[in-house]
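Residue-level structure breakdown
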Amino acid sequence: MEKEGKTDVELEEMILQRLVIGGVFVSVRRDPILGWRPTVVTAPKHSRNVQELADKIAAELRKKFTLKD
(Lines give C-alpha, C1' and ligand atoms only; values in the text may rest on other atoms or scores of the structure.)
Protein backbone atom coordinates (compact mmCIF):
# COMPACT_ATOMS: atom_id res chain seq x y z
CA MET A 1 0.00 0.00 0.00
CA GLU A 2 1.38 3.39 -0.98
CA LYS A 3 1.64 6.10 1.67
CA GLU A 4 -0.39 9.28 1.29
CA GLY A 5 1.56 12.53 0.90
CA LYS A 6 0.89 15.31 3.40
CA THR A 7 2.33 18.81 3.68
CA ASP A 8 4.37 19.87 6.68
CA VAL A 9 1.43 21.97 7.92
CA GLU A 10 -0.96 19.00 7.68
CA LEU A 11 1.44 16.74 9.60
CA GLU A 12 2.05 19.44 12.24
CA GLU A 13 -1.71 19.80 12.77
CA MET A 14 -2.19 16.02 13.04
CA ILE A 15 0.48 15.82 15.74
CA LEU A 16 -0.92 18.83 17.63
CA GLN A 17 -4.41 17.32 17.62
CA ARG A 18 -3.08 14.14 19.23
CA LEU A 19 -0.87 15.96 21.75
CA VAL A 20 -3.82 17.91 23.21
CA ILE A 21 -1.48 20.26 25.10
CA GLY A 22 -1.82 24.04 24.95
CA GLY A 23 1.11 26.36 24.33
CA VAL A 24 2.96 23.86 22.15
CA PHE A 25 4.24 24.52 18.63
CA VAL A 26 5.28 21.64 16.36
CA SER A 27 7.47 22.04 13.30
CA VAL A 28 7.88 19.21 10.78
CA ARG A 29 11.08 19.05 8.74
CA ARG A 30 12.43 16.60 6.19
CA ASP A 31 14.80 14.00 7.66
CA PRO A 32 17.21 11.97 5.46
CA ILE A 33 16.78 8.80 7.50
CA LEU A 34 13.17 8.91 8.74
CA GLY A 35 11.63 10.89 5.89
CA TRP A 36 10.36 13.61 8.22
CA ARG A 37 10.68 14.53 11.89
CA PRO A 38 8.74 16.74 14.32
CA THR A 39 10.39 19.32 16.54
CA VAL A 40 8.46 20.59 19.56
CA VAL A 41 8.84 24.11 20.91
CA THR A 42 7.28 24.63 24.35
CA ALA A 43 8.01 25.66 27.93
CA PRO A 44 11.35 24.14 29.12
CA LYS A 45 9.91 22.06 31.96
CA HIS A 46 7.59 20.22 29.56
CA SER A 47 9.80 20.00 26.48
CA ARG A 48 11.29 16.55 27.02
CA ASN A 49 8.04 14.70 27.65
CA VAL A 50 6.21 16.49 24.85
CA GLN A 51 9.03 15.84 22.35
CA GLU A 52 9.04 12.14 23.25
CA LEU A 53 5.27 11.97 22.78
CA ALA A 54 5.48 13.84 19.46
CA ASP A 55 8.16 11.39 18.28
CA LYS A 56 5.90 8.42 19.15
CA ILE A 57 2.96 10.01 17.30
CA ALA A 58 5.21 10.74 14.30
CA ALA A 59 6.39 7.12 14.22
CA GLU A 60 2.75 6.00 13.92
CA LEU A 61 1.93 8.64 11.30
CA ARG A 62 5.00 7.74 9.19
CA LYS A 63 3.41 4.33 8.58
CA LYS A 64 0.60 6.08 6.65
CA PHE A 65 2.00 9.42 5.45
CA THR A 66 5.03 10.83 3.67
CA LEU A 67 6.08 14.49 3.54
CA LYS A 68 5.15 16.18 0.27
CA ASP A 69 7.75 18.33 -1.46
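This section reports on the structure supplied with the text.

Some words on the pattern of salt bridges
Think of it this way: side chains of opposite charge can pair up when their charged atoms draw near. Going through the model one piece at a time under the given rule, you end up with 3 salt bridges. For Arg18, the salt bridge identified is with Glu60, shortest N-O distance 2.6 Å. Of this pair, Arg18 sits in helix H1 (residues 8-19) while Glu60 is found in helix H2 (residues 47-62), placing the two residues 42 residues apart along the sequence. When its relative accessible area of 40% is taken as the criterion, Glu60 is described as partly exposed.

A few points about unusual backbone geometry
If you check the backbone angles, Val20 has positive phi at about 50 degrees while not being a glycine. Val20 gets classed as exposed once you look at its relative accessible area, which sits at 67%.

Here we look at H1
Helix length check: H1 (12 residues) gives 16 Å between terminal C-alpha atoms against 16 Å at 1.5 Å per residue, within 8%. Backbone geometry just after H1 places Val20 at a positive phi near 50 degrees.

Some details on the side chain of Asp31
Mapped onto the fold, Asp31 is located in strand E2 (residues 25-31). Among the polar contacts made by the side chain of Asp31, one reaches the main-chain amide nitrogen of Leu34 at a distance of 2.6 Å. Contact partners of Asp31, with chain neighbours within four places excluded, come to Trp36 and Arg37.

Details of the packing of aromatic side chains
Within the structure shown, the criterion is met by 0 aromatic pairs. One cation-aromatic arrangement involves Arg62 over Trp36; the distance from NZ or CZ to the ring centre is 5.1 Å.

Re the environment of Leu19
Examined against the element boundaries, Leu19 turns out to sit in helix H1. Between the alpha carbons of Leu19 and Met1 there is a distance of 27 Å; along the sequence they are 18 residues apart. What Leu19 contacts, discounting residues up to four positions off in sequence, is Val24, Val26, Val50, Leu53, Ala54 and Ile57.

Remarks on the side chain of Arg62
Mapped onto the secondary structure, Arg62 falls in helix H2. Buried and unpaired, Arg62 has Asp55 as its nearest opposite-charge partner, separated by 5.6 Å. Reaching out from Arg62, the side chain makes a polar contact with the backbone oxygen of Trp36 at a distance of 2.8 Å. Setting aside residues up to four positions removed in sequence, Arg62 forms contacts with Lys3, Leu34, Trp36, Arg37 and Pro38.

Basis of the calculations
Residues numbered from 1 in each chain as written. Predicted model: local features only at pLDDT ≥ 70, side-chain atom pairs only at ≥ 80, totals over all residues. Heavy atoms only, no water. Salt bridge = Lys/Arg side-chain N within 4 Å of Asp/Glu carboxyl O. Helix = DSSP H or I, 4+ residues; strand = E, 2+ residues; numbered from the N terminus. Buried < 20%, exposed > 50% of the residue type's maximum accessible area, 1.4 Å probe, protein only. Expected span 1.5 Å × (residues − 1). Polar contact = N/O pair within 3.5 Å; in protein donor to acceptor, adjacent residues only side chain to side chain. Contact = heavy atoms within 4.5 Å. Phe/Tyr/Trp six-rings, centres within 6.5 Å; stacked < 30°, edge-to-face > 60°. Lys NZ or Arg CZ within 6 Å of the ring centre and 35° of its normal. Lys, Arg positive; Asp, Glu negative; His and termini not counted.

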